[in-house]
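# Notes for the structure review
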Amino acid sequence: MSLRVVALLGLFLGSLVTSVLTADQNWWRHAIVYQVYPRSYKDSNGDGVGDLKGILSKLDHIKDTGAAAFWISPINRSPMVDFGYDVSNFTDIDPIYGTLADFEDLIAQANSVGLKIILDFVPNHSSTQHEWFQKSVKRIKPYDEYYVWKDAKVVDGKRYPPNNWLSIFSGTAWEWNEERQQYYLHQFGPTQADLNYRSSYLNQEMKNALQFWLERGIGGFRIDAANFMFEDSQFLDEPPSNITGLTPGDSDSLDHIYTQNLQQTYEVIKSWRELLNEYAKEHDTDLKLMLTEVYAPINDVTKYYRYGVNVPFNFMFVTGLNNQSTAADFKKSIDTWIDNIPSGDYMPNWVVGNHDNPRAATRFGTLRADQTSILAMTLPGVAVVYNGDEIGMEDTDVSWEDTVDPSGLSAGPIQYKIKSRDPERTPFQWDDTKDAGFSTASKTWLPINPNYKTLNLAAEEKAPVSHYSVFKDLVKLRKLPVLQNGSLENVLVTDSVLGIVRRLKDSPPVVILVNFSDSPTVVDAQSKLEIPQELSVYTASVYSKIQAGSPVDTSKLSLPGAASVVLSTPELIKEVQTLS
């Protein structure tokens, strides 16, 4: 497909989210959702770990990013083996972050400045320290069925796991429990026991947890690892994936047809959507947002739209593309996502980065640090931004001695860098003072990137041109009708240059050009994109050295290597500059 036009005029909510409500049900449709990784955002008490009061102290920055909502990675009570993704109490705050009262204060203050809080909800498993698991081990009803238990396979008098299923963190996904004399399933770490959604009691417990947080005023949920929630009831061995070069026990060596993306998962998600809608209707509140984290084939991901998910995360910029990807690769990926959104009133979304993958500036290279933000912020729909990407933060080189991520530790000292997620999780770089303004501790939970002396928010706020100034330019631009309601044209201008045009009747177009080559090039964007010959630069990637406001001849436009540029008419640019 050489041209894809997506009309966004007159969009309303999809059929599963059309409860007749009086509050604002459309607030999220062109929103920026900002991810806060709490351990690394801001430490308020000097223990080296970020916390809720730290987030509260930085609400002004979150608001400044243009976010309508911010998603906080897990803050539930947890032994922190997997830093909050091993929950020991689904309705409490871990003391390392503060108290429930601190959280309620954060919600109140956030709401007072027009920000909604999205809570990370981890439904696939709990910590083995959870009270439910302890009772399940003892076969106390109904907790005896809250987890996935299975008898051992016995061959020649020797005990083996029930099947060949593997953990995401490598090795068998089964752990023997001596007291219960059975194996329990853990698709992640051995201290993260998989919950059994075939139990109606467990199902209700999780709904109760959702209700608990709704009653505290949150704006919705990000559902972690949603596609792992159900497993094949016959516990069949999974076939090999035929991926070569993997170490023994690597999860990618199997094709996960029996442990991921089962239909029952979608049905549970649908029931949660209904719960959220019922709550919003009963309390006359804005729509409660639901986002899902699913790394899976695109058809499995976009299927969540039909079951009430507003934002099934689109990870194409995070995992599907890299610094070797061409303009054609980007065009194909964007077209594929748009084409696979179900027919109906659904919104695209574009994830810039997250806490599980290398940062955008590292994935695509320093010269292209602004590229993903420019694309995500100018394409139609929801933009999801990981804290730090707005200032171009880069991965930190974390030594084996400083590694704390269980995924990295399980890989061992030789291969830990392949699996560890620590490099993208290091503390936010606020300024050039001690520990980048993150903490006053003698040692932070992860090391600070040494580049904080020059790469930090305070410096970028003062600089005439910076990653953050470019980001703020994009925030203003998104407020215009042409970006909120305009059509999308996604065109290869040359083999190395992608052109995106947003159009709306009676409005000047907004044009985005991205050079995927490291070499400079001259393009005739006028004829290829059918745009005016005379336009002006609205904003451009920092290292392009292209000056905002400068006029350009689009029939012979010079693009530096790795440059991304946003163009429009002087009149529209002037209109944007008047926006607050």
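Report follows, based on the coordinates.

What counts, and where the lines are drawn
Residues numbered from 1 in each chain as written. Predicted model: local features only at pLDDT ≥ 70, side-chain atom pairs only at ≥ 80, totals over all residues. Heavy atoms only, no water. Buried < 20%, exposed > 50% of the residue type's maximum accessible area, 1.4 Å probe, protein only. Helix = DSSP H or I, 4+ residues; strand = E, 2+ residues; numbered from the N terminus. Pairing = 2+ DSSP bridges. Expected span 1.5 Å × (residues − 1). Axes fitted to C-alpha atoms, helices over the stretch in contact; angles between N-to-C directions. Left-handed = near helix turned anticlockwise from the far one by under 90°. Contact = heavy atoms within 4.5 Å. Nonpolar A, V, L, I, M, F, W, Y, C, P; charged D, E, K, R; others polar.

### Here's the deal with the pairing of strand β5 (residues 116-121)
The buried fraction of β5 is high, at six of six residues. Burial along β5 is two-sided: the face carrying K116, I118 and D120 and the face carrying I117, L119 and F121 are both buried. Here strand β2 (residues 69-72) pairs with β5 via four bridges, running parallel. Of the residues in β5, the one forming a bridge with W71 is I118.

### Regarding helix α9 (residues 327-340)
For an α-helix, the turn length of 3.6 residues means that residues three or four places apart are oriented alike. End to end, α9 covers 20 Å across 14 residues, agreeing with the expected 20 Å (1.5 Å per residue, within 8%). Residues A327, F330, K331, S333, I334, D335, W337 and I338 constitute the buried set of α9.

### Quick notes on the sheet that holds strand β10 (residues 174-177)
Strand order in the open sheet formed by three strands is β7-β11-β10, with antiparallel pairing between adjacent strands. Edge positions in the open sheet fall to β7 (149-150) and β10, since each of these has one partner strand only. Of the pairings in the sheet, the one linking β7 to strand β11 (residues 182-185) comprises two bridges and is antiparallel in character. Paired with W149 across the two strands is Y184, which belongs to β11.

### What about the packing of helix α5 (residues 200-214) against helix α6 (residues 263-283)?
Packed helices, taken two at a time, are described by their axes: the angle between them and the distance between them. Here α5 crosses α6 at 35°, and the two axes come no closer than 11 Å. As α5 runs across α6, the sense of the crossing is right-handed. Contacts between α5 and α6 pair N203, M206, K207, L210, Q211 and L214 from the former with V268, S271, W272, L275, L276 and Y279 from the latter. The class makeup of the residues in the contact of α5 with α6 is eight nonpolar, three polar and one charged.

### Here we look at unusual backbone geometry
Of the consecutive residues K141 and P142, the connecting peptide bond is found in the cis state with omega at -5°. In this structure, R139 takes a positive phi of about 60° despite not being glycine. Looking at the secondary structure, you find R139 in the loop between α4 (131-137) and β7. Of note in this structure, K545 is not a glycine but carries a positive phi near 65°. Its location among the elements puts K545 in the loop between β22 (534-540) and β23 (551-553).

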